[in-house]
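Residue strings, one per chain:
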Amino acid sequence: MNYNYIRHIDLTKNLISSWETVTAIASQVQNLETLDISENKMKFPSTSASVSSVFSKLRILALNRTGITWTEVLLCAPGWPALEELYLTSNDITVLERPGDDVLQTLKLLDLSDNHLLDGNQLHLIAHLPRLEQLILRNTGISSICFPDAGFGCKTKMFRSLKHLAINENKISQWSSINELDKLPSLRSLQCHNNPCMDTEKNPETLRQLIIAKISQLEVLNKSEILPAERKGAELDYRKIFGSDWLAAGGNWNPEKNKPSEEFLAAHPRYPSLCLKYGAPEEGELKGREPVTLKNQLLTLTIKCPENPEQKPVEKKLPESMTIQRVKGLLYRLLKIPGSELKLSYQSSKLEGKEVELDNDLKPLQFYSIENGDCVLVRW
């Protein structure tokens, strides 16, 4: 019988006990592209075997919950010359090894979720896979990320092609690990929620702004697009919030005297580039970090689009310290508005019929005396 029309095989939960059995099945299918053998506890080769052409066209391979080790992956990998996606979740993998120059060279996606890696340094061993674009490390137990080959403001030679990184549900407790991600030259998308360092900032919007300001090329954060207006607001706010720290650490408006300490640069490696982009913060706009209780003082507002009646009114709770720029960034995502210029105004619940334009992007909501129950009007 001719099985050459088959491209995809799913053998999950089939009590298959050895890789030999899988190879025997696959040998009947010459054009196999996708193979899922997850949830079969199997015996894999423990020594290098002669390379066959059985998996020569295989692009996607799922080996979740099979008990495979990383060493066994590398022993089998010469037989997967065209592999692009490899799923290895829940296999008790703790240590990695650097692949040879002849294996996994075509790999674009690697999922190691729900394995408990020894430490973040294990990542250095897979950092030179030339085409790796997506790395999923959810719940792998890592507590830090570091790229020691690159200094402040420089790009690492590791993970040169990596565009999408998921490090959610880990044990990352220091913001320095988030700073390190700015060294990745191609990073565009990040998932990082449910890490201890995120607990240091209780306001989710402020937390999002901090991450955006720290990673310059990021375009998507926790599956939500970062629009230009949101990035600008985040970076301007970051520059002001930490301006006093910058001055105290040796920063100066005079370029010849501007020598912030190594400690400050380690904590805020993007700060010099933000000063180059927007200018050093002026003395009058510097502000310290507000107490969490004040920052979390929320206003309950109704969001309406008077010229677009198909958009239903939405009620949101926003910090009164939130700038108009950041409100716009939130509204771009909330209303899924294409990248056009937003015009905001508000109507007071106490002054019916009167509309006040919110015309200064750098001012907070409290500047306009907005109160609970007021209505924000959005036009574009």
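Refer to the preceding data block for the structure.
Residues numbered from 1 in each chain as written. Predicted model: local features only at pLDDT ≥ 70, side-chain atom pairs only at ≥ 80, totals over all residues. Heavy atoms only, no water.

Trainee: Tell me about helix 4 (residues 204–214), and name the residues and values.
Mentor: The element helix 4 is largely enclosed, with a buried count of ten among its eleven residues. Of the residues making up helix 4, those classed as buried are Glu-205, Thr-206, Leu-207, Arg-208, Gln-209, Leu-210, Ile-211, Ile-212, Ala-213 and Lys-214. A distance of 2.9 Å separates the backbone nitrogen of Glu-205 from a side-chain oxygen at the start of helix 4, and that oxygen is part of Asn-203. (Buried < 20%, exposed > 50% of the residue type's maximum accessible area, 1.4 Å probe, protein only. Helix = DSSP H or I, 4+ residues; strand = E, 2+ residues; numbered from the N terminus. Polar contact = N/O pair within 3.5 Å; in protein donor to acceptor, adjacent residues only side chain to side chain.)

Trainee: Tell me what's going on with the sheet that holds strand 8 (residues 189–191), and back it up with residues and numbers.
Mentor: Within the open sheet, the ten strands sit side by side as 1-2-3-4-5-6-7-8-9-10. Their pairing is mixed. Edge positions in the sheet fall to strand 1 (8–10) and strand 10 (224–225), since each has one partner strand and no second. Sheet analysis places strand 8 next to strand 9 (residues 220–221), joined by two bridges and oriented parallel. The residue bridging Leu-190 from the neighbouring strand is Leu-221, located in strand 9. (Pairing = 2+ DSSP bridges.)

Trainee: Break down the nonpolar core for me, with residues and values.
Mentor: Taken as a class, soluble globular proteins show a tendency for nonpolar side chains to be buried jointly. Judged by nonpolar contacts, the single largest core of 79 residues is most densely connected at Trp-80, Phe-159, Leu-181 and Ile-211. Elements supplying a minimum of two residues to this core: helix 1 (19–26), helix 2 (70–76), helix 3 (175–180), helix 4, helix 5 (228–241), helix 7 (262–267) and helix 8 (271–278). Leu-181 has contacts with Ile-145, Phe-147, Leu-165, Ile-167, Leu-187, Leu-190, Ile-215 and Gln-217, leaving out every residue within four places of it along the chain. (Core = buried A, V, L, I, M, F, W, Y, C linked by side-chain atoms within 4.5 Å. Contact = heavy atoms within 4.5 Å.)

Trainee: How would you explain the packing of helix 5 against helix 10 (residues 324–335) if you had to name every residue and give the values?
Mentor: Their axes nearest at 8 Å, the elements helix 5 and helix 10 cross at an angle of 150°. Note on packing geometry: the crossing formed by helix 5 with helix 10 is left-handed. When helix 5 is examined against helix 10, the residues Ala-229, Glu-230, Lys-232, Gly-233 and Asp-237 are found in contact with a partner set consisting of Gln-325, Arg-326, Gly-329, Tyr-332 and Arg-333. A per-class count over the contact of helix 5 with helix 10 returns two nonpolar, three polar and five charged. (Axes fitted to C-alpha atoms, helices over the stretch in contact; angles between N-to-C directions. Left-handed = near helix turned anticlockwise from the far one by under 90°. Nonpolar A, V, L, I, M, F, W, Y, C, P; charged D, E, K, R; others polar.)

Trainee: So what's going on with the sheet that holds strand 14 (residues 355–357)? Which residues, and what values?
Mentor: On the basis of which strands lie adjacent, the open sheet formed by five strands has the order 12-11-15-13-14 and mixed pairing. Looking at the sheet topology across the chains shown, the edges are occupied by strand 12 (314–319) and strand 14. The average angle at which neighbouring strand axes cross in this sheet is 35°, direction not considered.

Trainee: So, the environment of Glu-33: which residues are in play, and what are the values?
Mentor: Here Glu-33 lies in the loop between helix 1 and strand 2 (34–36). Those residues in contact with Glu-33 that sit more than four places away from it in its chain are Arg-7, His-8, Lys-57, Leu-58, Arg-59 and Ile-60.

Trainee: Outline the packing of aromatic side chains, supporting the account with residue identities and numerical values.
Mentor: Following the criterion strictly, the structure yields eight aromatic pairs and no others. Ring plane angle 80° and centroid distance 5.4 Å describe the contact between Phe-264 and Tyr-271, whose orientation is recorded as edge-to-face. Among the residues examined, Tyr-271 registers a relative accessible area of 1% and is labelled buried. Three or more aromatic residues joined by ring pairs form one cluster here, namely Trp-19, Phe-44, Phe-55 and Trp-80. (Phe/Tyr/Trp six-rings, centres within 6.5 Å; stacked < 30°, edge-to-face > 60°.)

Trainee: I'd like a description of the packing of helix 5 against helix 8, backed by residues and values.
Mentor: Packed helix pairs are characterised by how far apart their axes lie and by the angle those axes make with each other. Viewed as axis vectors pointing N to C, helix 5 and helix 8 meet at an angle of 110°, and their least axial separation amounts to 10 Å. One way to sum up the angle between helix 5 and helix 8 is to call them roughly perpendicular. Helix-helix and strand crossings are classified by hand; for helix 5 and helix 8 the assignment is left-handed. Across the interface between the two elements, Lys-232, Glu-235, Leu-236, Tyr-238 and Arg-239 of helix 5 pack against Tyr-271, Leu-274, Lys-277 and Tyr-278 of helix 8. For the contact of helix 5 with helix 8, the residue count by class is five nonpolar, no polar and four charged. (Parallel < 35°, antiparallel > 145°, perpendicular 65-115°, else oblique.)

Trainee: How would you summarise the side chain of Arg-208 if you had to cite specific residues and measurements?
Mentor: Looking at the secondary structure, you find Arg-208 in helix 4. In this structure, Arg-208 is in contact with Leu-221, Ser-224, Glu-225, Ile-226, Glu-230 and Arg-333, ignoring residues within four places of it in sequence.

Trainee: I'd like a description of helix 5, backed by residues and values.
Mentor: Between its first and last C-alpha, helix 5 extends 20 Å over 14 residues, near the 20 Å set by a 1.5 Å rise per residue. Three or more residues of helix 5 are buried, namely Ala-229, Glu-230, Arg-231, Gly-233, Ala-234, Glu-235, Leu-236, Asp-237, Tyr-238, Arg-239, Lys-240 and Ile-241. The secondary structure elements touched by the buried residues of helix 5 are helix 4, strand 10, helix 6 (243–248), helix 7, helix 8 and helix 10. (Expected span 1.5 Å × (residues − 1).)

Trainee: Go over the environment of Glu-282 with me, naming the residues and quoting the values.
Mentor: With respect to the helices and strands, Glu-282 occurs in the loop between helix 8 and helix 9 (292–295). Remark: the alpha-carbon pair of Glu-282 and Gly-243, spanning 39 residues in sequence, is separated by 8.7 Å. Excluding its chain neighbours within four sequence positions, the residues that come into contact with Glu-282 are Arg-239 and Trp-253.

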